[in-house]
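# What the coordinates show
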Amino acid sequence: MWHVVGSTGFIGRSLIEKLPPEVSYCCYARRPAAGEYQIDLLNLTAECYSEIRAGDYVVLLAAISSPDLCQSQYEMAYATNVTGTKRFIAECLRRDARVLFFSSDVVVGATDHSHDETMPVAPLGAYGGMKREIELAFADDPRFKVFRLSYVFSREDKFMKYLRKCVDSGEEADVFQALYRNVVYLDDVLEAVIALGKHFDAWHNPIFHLSGPELLCRADMAERFRSTIAPALRYTTRLPEASFFEARPNVIETHSLYLEQLLCRPPATLAEALKLEYQ
Ligand SMILES: NC(=O)c1ccc[n+]([C@@H]2O[C@H](COP(=O)([O-])OP(=O)(O)OC[C@H]3O[C@@H](n4cnc5c(N)ncnc54)[C@H](OP(=O)(O)O)[C@@H]3O)[C@@H](O)[C@H]2O)c1
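Fair warning: this is a prediction, and the values are worked out from it, not measured in the lab.

## A closer look at the packing of helix α7 (residues 218-228) against helix α9 (residues 270-278)
- Put simply, α7 and α9 touch, their axes get as near as 10 Å, and they point 50° apart. As summarised for this structure, α7 and α9 are arranged oblique, according to the angle between their axes. Here α7 and α9 pass one another in a crossing that is right-handed. Where α7 abuts α9, its residues M221, R224, F225 and T228 lie against L270, A271, L274 and Y278.
- Split into classes, the residues belonging to the contact of α7 with α9 amount to 6 nonpolar, 1 polar and 1 charged.

Here you go:
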């Protein structure tokens, strides 16, 4: 059995649509729909674990995923992202399940060259610190693995929705010439989740960088969108204020030693992903 925890989020919703028909799965949400299970990482109950058995695959997406919220509401975010998350993972492992935890490239910290999974890290901001605490807490358990996600691109991510809204309304988009990331396509993330679930124990590395092949800032993404999909897009670029970088580094350059092998192909470039999303 597979368990999708945080099934109402951006990645969770898409994962459920993409799961192959042969996979049996349960969904877990704070406000569950019929047939789903209830989970609140701030208030874990026996119901959260009632279906979790030895050998099951737990895909743990639930988290406070906004770096700004982790900074501004630190105690609530810590109770969710660290205290509750640790308790939940520990109980899943006690039941001998396999756990996939979603971390972030913010754990790597600011880079001046591309980092792979084996290199030292320097987490930045409250969000990065919380993710790193979980990575370390279960680092020695082979039943626990980490996907360190770069910026996840799809037509439904917040930035792409904003660009589309600007195209539709004729408004000029206001775009940061900043936040350089190895943008990864949502479909590649979902395929990697599924591939890992099928052969979890065959992988001996604890961490996977979910990174695309190109280091792109938001202005680069806007330009790719304009040139391949939406010629009507108009945008201006600017630098964010210095305080913006307190919670997130300007440049996080990452690549993976394992992702291509997991996917059995290279991850998509942004131009390839845009064509797949809008074809
Ligand atoms: N998307 C990215 O670009 C990206 C990049 C790096 C890392 N990640 C990580 O990947 C994971 C999934 O990301 P996402 O973009 O899908 O995040 P998201 O859209 O913010 O979804 C977060 C999920 O967590 C749930 N949640 C929040 N607080 C909870 C609590 N106390 N108890 C139980 N569930 C709770 C939310 O439920 P409600 O619907 O009830 O709020 C939602 O289902 C997160 O761990 C995130 O940090 C994402």
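After that view of the structure, there is still more to cover.
## Section: the site of the ligand
- With respect to spatial proximity, 24 residues lie near the ligand, and among them T8, R30, L41, S65 and Y127 are the closest.
- A distance of 2.6 Å separates an oxygen atom of the ligand from a polar side-chain atom of T8.
- Measuring from an oxygen atom of the ligand, one finds a backbone N or O atom of I11 at 2.9 Å.
- Computed on the free molecule, the ligand has an accessible area of 900 Å², of which 84% lies beneath the protein chains in the complex.

## Section: the nonpolar core
- The biggest cluster of nonpolar side chains holds 35 residues, and the ones touching the most others in it are V5, I39, V58, F88, I89 and F144.
- Those elements that provide at least two residues to this core are β2 (25-29), β4 (57-60), α3 (74-94), β5 (98-104), α4 (125-137) and β6 (144-149).
- A per-element tally of this core places α3 first, with 6 residues.
- Not counting residues up to four positions away in its chain, the partners in contact with F144 are I89, L93, V99, F101, I134, E135, F138, F200 and P206.
- By size, the runner-up hydrophobic cluster in this structure holds 31 residues, among which are I11, L190, Y258 and L262.

## Here we look at the environment of F153
- Turning to its location among the elements, F153 is positioned in strand β7 (residues 152-153).
- For the pair formed by F153 and V189, sequence separation is 36 residues and the distance between their alpha carbons is 9.7 Å.
- With residues up to four places along the chain from it excluded, the contact list for F153 reads M160, V183, V184, Y185, L186, M221, L270, A273, L274 and E277.

## Some details on the packing of aromatic side chains
- Under the criterion given, the structure shown has 15 aromatic pairs.
- Taking the centre distance of 4.9 Å and the plane angle of 80° together, the rings of W2 and Y57 count as edge-to-face. Taken together, the residues W2 in strand β1 (residues 2-5) and Y57 in strand β4 connect sequence positions 55 residues apart.
- We classify Y57 as buried; its relative accessible area is 2%.
- When the ring of F101 is compared with that of F144, the centres are 6.2 Å apart and the planes differ by 25°; the resulting orientation is stacked. In this pair, F101 is assigned in strand β5 and F144 in strand β6, connecting sequence segments 43 residues apart.
- On the basis of relative accessible area, F101 is assigned to the buried category, the value being 3%.
- Take F144: its relative accessible area is 2%, and that puts it in the buried class.

Cut-offs and rules
- Residues numbered from 1 in each chain as written.
- Predicted model: local features only at pLDDT ≥ 70, side-chain atom pairs only at ≥ 80, totals over all residues.
- Heavy atoms only, no water.
- Axes fitted to C-alpha atoms, helices over the stretch in contact; angles between N-to-C directions.
- Helix = DSSP H or I, 4+ residues; strand = E, 2+ residues; numbered from the N terminus.
- Parallel < 35°, antiparallel > 145°, perpendicular 65-115°, else oblique.
- Left-handed = near helix turned anticlockwise from the far one by under 90°.
- Contact = heavy atoms within 4.5 Å.
- Nonpolar A, V, L, I, M, F, W, Y, C, P; charged D, E, K, R; others polar.
- Near = heavy atom within 4 Å.
- Polar contact = N/O pair within 3.5 Å; in protein donor to acceptor, adjacent residues only side chain to side chain.
- Areas by Shrake-Rupley, 256 points an atom, 1.4 Å probe, with all protein chains shown as cover.
- Core = buried A, V, L, I, M, F, W, Y, C linked by side-chain atoms within 4.5 Å.
- Buried < 20%, exposed > 50% of the residue type's maximum accessible area, 1.4 Å probe, protein only.
- Phe/Tyr/Trp six-rings, centres within 6.5 Å; stacked < 30°, edge-to-face > 60°.

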